[in-house]
Amino acid sequence: MLSRRCASLLLSTTSTSLRRLASTTVPTSSSEAQVIDTDRVQKEVFKSISEQVDEQQRNRLFAVVYVNGRQWKVSDGDLINLEGNLPLNVGDEIKLEKVLMVGGSNFSLFGRPLLDASSVSVDAVVVEKKTTNPELKYVHLNHHQTKFLNWKSDEATVIRIKSVTAKPVEQ
């Protein structure tokens, strides 16, 4: 339960923020609604993103890729542990083409559902092929001492992301 002092402080900050919001969003009788030029705004957004993607101003990019039935958020140097035995050998270099999203510190580009493979590139290399540690599974039938012991060990492929690159956005 709020004390009177806290409640009055909350009420005063809420009322000032509501007044500020009302003064900015509600048009007065003397002003009219403005029509926004969407083509101009779209060109400004494309230009801003293209400048941030350029080589000179590049920050660390991340991407969301779809691999082996799962989505992974990756950036340069990340390791991904893919379940199952994939037909890849250690040292193979691959390009992940199902890129759902790419972004940086100031922007994000989303695909519908995928981004164009020519504009975004995620390169990876296979680091290791391994089997996971065996897991024991005990089964008790009808709450008796009957036990079946199942050893389960899965295969996995580990890949390292070499680079996430993006080309400037075209209109």
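About the criteria used
- Counting restarts for each chain: residues are numbered from 1 in the order of the written sequence.
- It should be noted that, the model being predicted, local features are given only for residues of pLDDT at least 70 and side-chain atom pairs only at 80 or more, the latter also being counted only at that level, while totals for whole chains, interfaces and linings use all residues.
- To obtain the side-chain values, all non-hydrogen atoms of the structure were used and water was disregarded.
- What counts as a salt bridge is simple: a side-chain nitrogen of Lys or Arg found within 4 Å of a carboxyl oxygen of Asp or Glu.
- Going along the chain from the N terminus, every DSSP run of H or I of four or more residues is numbered as a helix, and every run of E of two or more is numbered as a strand.
- Think of it in three bands: residues with accessible area under 20% of the maximum for their type are buried, residues over 50% are exposed, and the middle band is partly exposed, with areas taken using a 1.4 Å probe on protein chains only.
- Between rings of Phe, Tyr and Trp, where Trp is taken as its six-membered ring, a pair exists when centres lie within 6.5 Å; planes separated by under 30 degrees are stacked, by over 60 edge-to-face, and by other angles tilted.
- Whether a charge sits over a ring comes down to the Lys NZ or Arg CZ being within 6 Å of the ring centre and within 35 degrees of the ring normal.

Let's shift gears to the pattern of salt bridges. A full pass over the atoms with the stated rule returns two salt bridges. One salt bridge in this structure joins Glu-44 and Arg-40, with 2.9 Å as the shortest N-O distance. In this pair, Glu-44 and Arg-40 both sit in helix 2 (residues 38-53), four residues apart, roughly one turn of the helix. The exposure class of Glu-44 is partly exposed, given its relative accessible area of 43%. For Arg-40, a relative accessible area of 43% translates into the label partly exposed. Note that Lys-162 is salt-bridged to Glu-93, the shortest N-O span being 3.3 Å.

What the rule picks out here adds up to zero aromatic pairs. Between Lys-73 and the ring centre of Phe-62, over which it is positioned, the NZ or CZ distance is 4.8 Å.

With respect to the helices and strands, the residue Pro-113 is situated in the loop between strand 6 (108-110) and strand 7 (120-131). A residue is classified by how much of its surface remains accessible, and Pro-113, at 61% relative accessible area, is exposed. Between the C-alpha atoms of Pro-113 and Lys-98, which are 15 residues apart in sequence, the distance is 9.2 Å.

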